[in-house]
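Coordinates in review
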Amino acid sequence: MKPSLSTSIGSLTLERPTILASGILGISLDVFQRLHKAGAGGVVTKSLSKEPWEGYPNPTIFSVKGGGWINAVGLSNPGAENFAKMISTNEDVPIIVSLVGSIEDDFEYMIKQFENCKVAAYELNLSCPHVAKVGLEVGDDTDLVSKIVKKVKSMSDAPVIAKVGLGSTDYLETVDASVSAGADAITAINTIRAMAIDVELERPILSNKIGGLSGTPIKPVALRCVYEISSKFDIPILGCGGISTWEDAVEFILAGASAVQFGSVMGDHWDEVFSEINNGIEKFMERKGYSTIGEMIGRAKRS
């Protein structure tokens, strides 16, 4: 009998533990459906704001050595109301809606837009590293984090996932505030503040100067964070950061993640990466004698 790849995040059960990370191909229901058929257990949308945002002018993304990217797109998105219309016909895809805002009222407004949509969960982006007054500035304010989580929890029965990153304060304080406020899961981590300079032009490459580093270079950091969160808190974790192979995914699960998110790797592998990683996890489980993902979660923490 083959092992089961099913995993749970709060009350949400996914057939597979591989999820499209936020910010990658995140505004088209057609693409969501294609990725789900290709093996994605779920998809996270681009972060949506109360009103449409244009984002930053080009250049907004830069490839770095070692398989990483620095991006400062600026959270461009069509706004929650418009996006809700775009996914209103969804029936089959587990869509995790990512939301970004600076005050409780922003989130209250956005949740209302999705009342008639099939939403699997909400992911609160508390950690974007390159947009002022949202993201990390919100995540570093633990009182505000608590209020936002409680507000969203009070308005929806869907699981609420807090996405944390590395800001100016200890990220574990953000996790603690989220857990105490009733968050159902934690996504760790977001991109890391970074930049690149053109030596010929002698100026920063990105229009915003500072962006967020993603991809392979941040994997060891993200893995460490998942391990630390899992060691200190009893809450489901979605590991995110530099995952490109089944071995990477297994590492995150062994560190304490219930599921994994990835996106940068799709630049090289497109949608086949989901089946590749799922198949690799399954073969690993068969070889090691695991029958469920749950048996693997946090195994690296055993003494």
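Some words on the overall build of the protein
In terms of regular secondary structure, the protein is built from 10 helices and 16 strands. Scaling as 2.2 N^0.38, a compact globule of 303 residues should have a C-alpha radius of gyration of about 19 Å, and the protein matches this with 18 Å. Principal axes of the C-alpha set define a box for the protein whose edges measure 55 × 50 × 40 Å. Looking at the protein residue by residue over its 303 residues, the buried ones come to 54%. The long-range fraction of contacts in the protein, counting pairs at least 24 apart against all pairs at least 6 apart in sequence, stands at 72%. In the structure as shown, the protein presents an accessible area of about 13200 Å², 48% of it carried by carbon and sulfur atoms. Positive and negative side-chain charges in the protein, numbering 28 and 37 respectively, have mean positions lying 3 Å apart.

Observations concerning the packing of aromatic side chains
Scanning the model with the defined rule gives 6 aromatic pairs in all. Their ring planes at 25 degrees and their centres at 6.3 Å tell us that F284 and Y290 sit as a pair that is stacked. Across the pair, Y290 and F284 agree in class, each one buried. Ring pairs connect the aromatic residues F32, F83, F114 and Y122, which therefore count as one cluster. The ring of Y109 has K50 lying over it, and the distance from NZ or CZ to the ring centre is 5.3 Å.

Some thoughts on unusual backbone geometry
A cis amide bond links N58 with the next residue in sequence, P59, at an omega value of 0 degrees. On the secondary structure map, P59 appears in the loop between β4 (42-44) and β5 (61-64). Looking along the chain, the bond that leaves A188 and enters I189 is cis, with omega of 10 degrees. Topologically, I189 is positioned in the loop between β10 (185-188) and β11 (192-194).

Examining the packing of helix α5 (residues 142-155) against helix α6 (residues 171-180)
It is at 8 Å that the axes of α5 and α6 come closest, and there the two elements cross at 35 degrees. Crossing of α5 against α6: the hand is right-handed. Two secondary-structure elements touch here, α5 through T142, V145, S146 and V149 and α6 through E173, T174, A177 and S178. Partitioned by chemical class, the residues of the contact of α5 with α6 number 3 nonpolar, 4 polar and 1 charged.

Re the pairing of β10
Both faces of β10 are covered, namely the face carrying A185 and T187 and the face carrying I186 and A188. Sheet topology note: the strand β9 (residues 160-164)/β10 ladder contains 4 bridges and is parallel. Within β10, the residue paired with A162 across the bridge is I186. At this point the chain moves from β9, through α6, to the parallel β10, and the crossover so formed is right-handed.

A look at the side chain of N278
Within the secondary structure layout, N278 lies in helix α10 (residues 272-288). Of the polar contacts made by the side chain of N278, one reaches the backbone oxygen of G39; its length is 2.9 Å. If near-sequence neighbours (up to four positions away) are discounted, N278 is found in contact with L5, R16, P17, T18 and G39.

Some thoughts on empty space enclosed by the protein
Using the criterion set out here, one finds 1 cavity of 30 Å³ or more in the structure. In this structure, the largest cavity encloses a volume near 40 Å³. Forming the walls of the largest cavity are L126, L136, G139, D140, V164, G165, G167, T169, Y171 and T174. Of all the secondary structure elements, the ones that give two or more residues to the lining of the largest cavity are α4 (136-139) and α6. By residue class, the composition of the lining of the largest cavity is 4 nonpolar, 5 polar and 1 charged.

What about the pattern of salt bridges?
The full count for this structure, using the stated rule, is 9 salt bridges. Across the pair K151 and E108 runs a salt bridge whose closest N-O atoms are separated by 3.7 Å. Taken together, the residues K151 in helix α5 and E108 in helix α3 (residues 104-113) connect sequence positions 43 residues apart. Overall, the relative accessible area of 24% leaves E108 in the partly exposed class. Each member of the salt-bridge network shares a partner with another, and the members are E108, K112 and K151.

Notes on the environment of E272
Structurally, the position occupied by E272 is in helix α10. Look at E272 and you get partly exposed, because its relative accessible area is 34%. Along the sequence, E272 and L35 sit 237 residues apart, while their C-alpha atoms lie 8.8 Å from each other.

Focus: the sheet that holds β4
Here 8 strands make up a closed barrel; going around it, the order is β3-β4-β7-β8-β9-β10-β15-β16 and the pairing parallel. Each strand of the sheet is rotated relative to its neighbour by a mean of 25 degrees, with strand direction disregarded.

What counts, and at which threshold
- Residues numbered from 1 in each chain as written.
- Predicted model: local features only at pLDDT ≥ 70, side-chain atom pairs only at ≥ 80, totals over all residues.
- Heavy atoms only, no water.
- Helix = DSSP H or I, 4+ residues; strand = E, 2+ residues; numbered from the N terminus.
- Rg over C-alpha atoms; globule rule 2.2 N^0.38 Å.
- Buried < 20%, exposed > 50% of the residue type's maximum accessible area, 1.4 Å probe, protein only.
- Contact = heavy atoms within 4.5 Å.
- Areas by Shrake-Rupley, 256 points an atom, 1.4 Å probe, with all protein chains shown as cover.
- Lys, Arg positive; Asp, Glu negative; His and termini not counted.
- Charge placed at Lys NZ, Arg CZ, Asp CG, Glu CD.
- Phe/Tyr/Trp six-rings, centres within 6.5 Å; stacked < 30°, edge-to-face > 60°.
- Lys NZ or Arg CZ within 6 Å of the ring centre and 35° of its normal.
- Axes fitted to C-alpha atoms, helices over the stretch in contact; angles between N-to-C directions.
- Left-handed = near helix turned anticlockwise from the far one by under 90°.
- Nonpolar A, V, L, I, M, F, W, Y, C, P; charged D, E, K, R; others polar.
- Pairing = 2+ DSSP bridges.
- Right-handed = clockwise from strand over helix to strand, strands pointing away.
- Polar contact = N/O pair within 3.5 Å; in protein donor to acceptor, adjacent residues only side chain to side chain.
- 1 Å grid on protein atoms, 1.4 Å probe; cavity = no way out; pocket = protein on both sides within 12 Å on 5 of 7 lines; lining within 4 Å.
- Points joined across faces, edges and corners; volume = space filled by probe spheres on them.
- Salt bridge = Lys/Arg side-chain N within 4 Å of Asp/Glu carboxyl O.

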